[in-house]
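In case you want the letters, here they are:
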Amino acid sequence: MIELIQFPWSPFCLAQKRILEYSGARFKVVNIPCTDRALVWRLTRQRYHKVPIIRDGKTVVFETNDDSQVIAKYLDTKLQLGLFPHTWEGVQAILWRHIEKEVEGFAFKLNDIYFGENVPARNRLDYIRYKERKFGAGCLQQWRQEQDHLLVQLTHGLVPYEQMLADKSYLLDASPRFVDFDLYGMLANFLYANHHPLPQAHAHLRSWYERMSRVTLKTTRQAL
Ligand SMILES: N[C@@H](CCC(=O)N[C@@H](CS)C(=O)NCC(=O)O)C(=O)O
C-alpha cells in the first residue's frame with residue numbers, strides 16, 4: 001500500500017493527500033513531527049529531509065528540486081489520473097511556480113501564526129527555532145502584526161485563479177489537473193488554522209474549493 005509521510009498542515013502534503021484521496025487508491029498516512037525528519041532521512045537514504053515523501057513497497061519517491069513534482073507525476077502515472085496532459089505542459093509549470101510562491105508565500109504565514117494550536121507543546125521550541133533560522137528572529141510575531149496586510153496580499157494573489165474559474169469548473173478545463181491540487185493544498189494550509197475564510201470577493205474560487213475538497217476520479221470520469 002502507498003504510504004504518505006507527512007505532517008498534517010503542510011501545503012505540499014495537503015496537495016498530495018488530496019491527490020491520493022481523489023485516486024480512490026488505498027493509502028496510509030504516516031505523520032511525523034515537523035521538527036523531526038529522521039524517518040524521511042532514513043527512507044531516502046540520506047538524500048532528502050523535506051515532506052511529503054511517498055513509500056510504495058520498495059520504492060521511495062521524493063522531490064529533486066522545488067519544481068520537480070516527482071511525487072505527483074509518480075502518482076499520476078501509477079494511478080492514471082490525467083493530471084499532466086500534454087496540452088497543458090508548460091502552462092502548468094508556469095502556474096505551479098506562481099502557486100507555490102505567490103500564493104503559498106502568504107498562505108503559510110497566515111496559518112503559521114497560529115502554530116501553537118497545531119504544534120504540540122513539546123515541539124514548539126524547535127518549531128520557533130526552525131522558523132526563525134529560516135525567516136529571521138521574531139518572524140512569527142511580525143507575521144501576526146502584518147496579518148491584515150498578508151490577507152490583502154493573498155486575496156490579490158488569488159485574483160487570476162478567480163478569473164480562470166469564471167467560466168469553467170477547474171482551472172484549466174473540465175477536469176482537475178495538477179495545478180488544481182497544488183492550489184488546493186496551499187489554500188487548505190491557509191484554512192487549516194480555521195481563523196480566516198477564503199476571501200469573500202472570490203466566489204468562483206470558494207465554490208471550486210468546495211468541489212476540490214470532494215471530487216474523485218470516479219466522478220470526473222462519469223462527468224466526461
Ligand atoms: N517542492 C517541494 C517542497 C516541499 C517542502 O518545502 N516541504 C516543507 C514542508 S511544507 C518542508 O519539509 N520544509 C523543510 C525545510 O524547509 O527545511 C514539494 O513540492 O514537495
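About the thresholds
Residues numbered from 1 in each chain as written. Predicted model: local features only at pLDDT ≥ 70, side-chain atom pairs only at ≥ 80, totals over all residues. Domains from an automatic or database assignment. Contact = placed C-beta atoms within 7 Å. Helix = DSSP H or I, 4+ residues; strand = E, 2+ residues; numbered from the N terminus. Buried ≥ 20, exposed ≤ 12 C-beta atoms within 10 Å, placed from the backbone. Core = buried A, V, L, I, M, F, W, Y, C linked by C-beta atoms within 7 Å. Pairing = 2+ DSSP bridges. Right-handed = clockwise from strand over helix to strand, strands pointing away.

Engineer: Would you mind showing me how to read the domain arrangement of the protein chain here?
Structural biologist: One widely used convention gives an interface's size as the accessible area the parts lose upon coming together. Taken domain by domain, the protein chain comprises domain 1 (2-79) and domain 2 (86-223). Between domain 1 and domain 2, the C-alpha centre-to-centre distance is 18 Å. With 17 residues of domain 1 at the contact, the number on the domain 2 side is 25 residues. Considering each element in turn, the side of domain 1 that touches domain 2 owes the most residues, 8 residues, to helix H1 (residues 11-23).

Engineer: Sorry if this is basic, but what is going on with the environment of Lys 58 here?
Structural biologist: Mapped onto the fold, Lys 58 is located in the loop between strand S3 (53-56) and strand S4 (59-61). Accessibility expressed as a C-beta count within 10 Å gives 5 for Lys 58, which makes it exposed. For Lys 58 and Leu 43, which are 15 residues apart along the polypeptide, the C-alpha to C-alpha distance reads 9.9 Å.

Engineer: Looking at this structure, how should I read the nonpolar core?
Structural biologist: Ranked by size, the top nonpolar core spans 50 residues in total, and within it Ile 19, Ala 107 and Leu 183 carry the most contacts. Going through the elements one at a time, strand S1 (2-6), H1, S3, helix H3 (70-79), helix H4 (91-112), helix H7 (147-157), helix H9 (178-192) and helix H10 (203-214) are the ones with two or more residues in this core. Here this core takes 10 residues from H9, the largest share from any one element. Of the residues that make up this core, three or more belong to each of domain 1 (2-79) and domain 2 (86-223). Setting aside anything within four residues of it in sequence, one finds Leu 183 in contact with Ile 99, Val 103, Tyr 161 and Leu 171.

Engineer: Even after reading the chapter, I still don't get unusual backbone geometry, so can you show me in this structure?
Structural biologist: Residues other than glycine predominantly adopt negative phi, and peptide bonds predominantly adopt the trans conformation. Residues Val 51 and Pro 52 are joined by a peptide bond in cis, for which omega reads 0°. Phi at Arg 45 takes a positive value of approximately 50°, unusual for a residue other than glycine. Looking at the secondary structure, you find Arg 45 in the loop between helix H2 (38-43) and S3. Although it is not a glycine, Gln 69 adopts a positive phi angle of roughly 50°. Relative to the assigned elements, Gln 69 resides in the loop between S4 and H3. Take Gln 69: there are 21 C-beta atoms within 10 Å of it, and that puts it in the buried class.

Engineer: I'm lost on the pairing of S1 in this one. Help?
Structural biologist: For a regular strand, side-chain orientation follows a simple rule: the groups alternate between the two sheet faces. Here S1 pairs with strand S2 (residues 27-31) via 5 bridges, running parallel. Looking at the pairing, Gln 6 lines up with Asn 31 of S2. Crossover S1 to S2 through H1 is right-handed. Bridge count for S1 against S3 is 4 bridges, and the pairing is antiparallel. Bridging across to S3, Ile 5 finds its partner in Ile 53.

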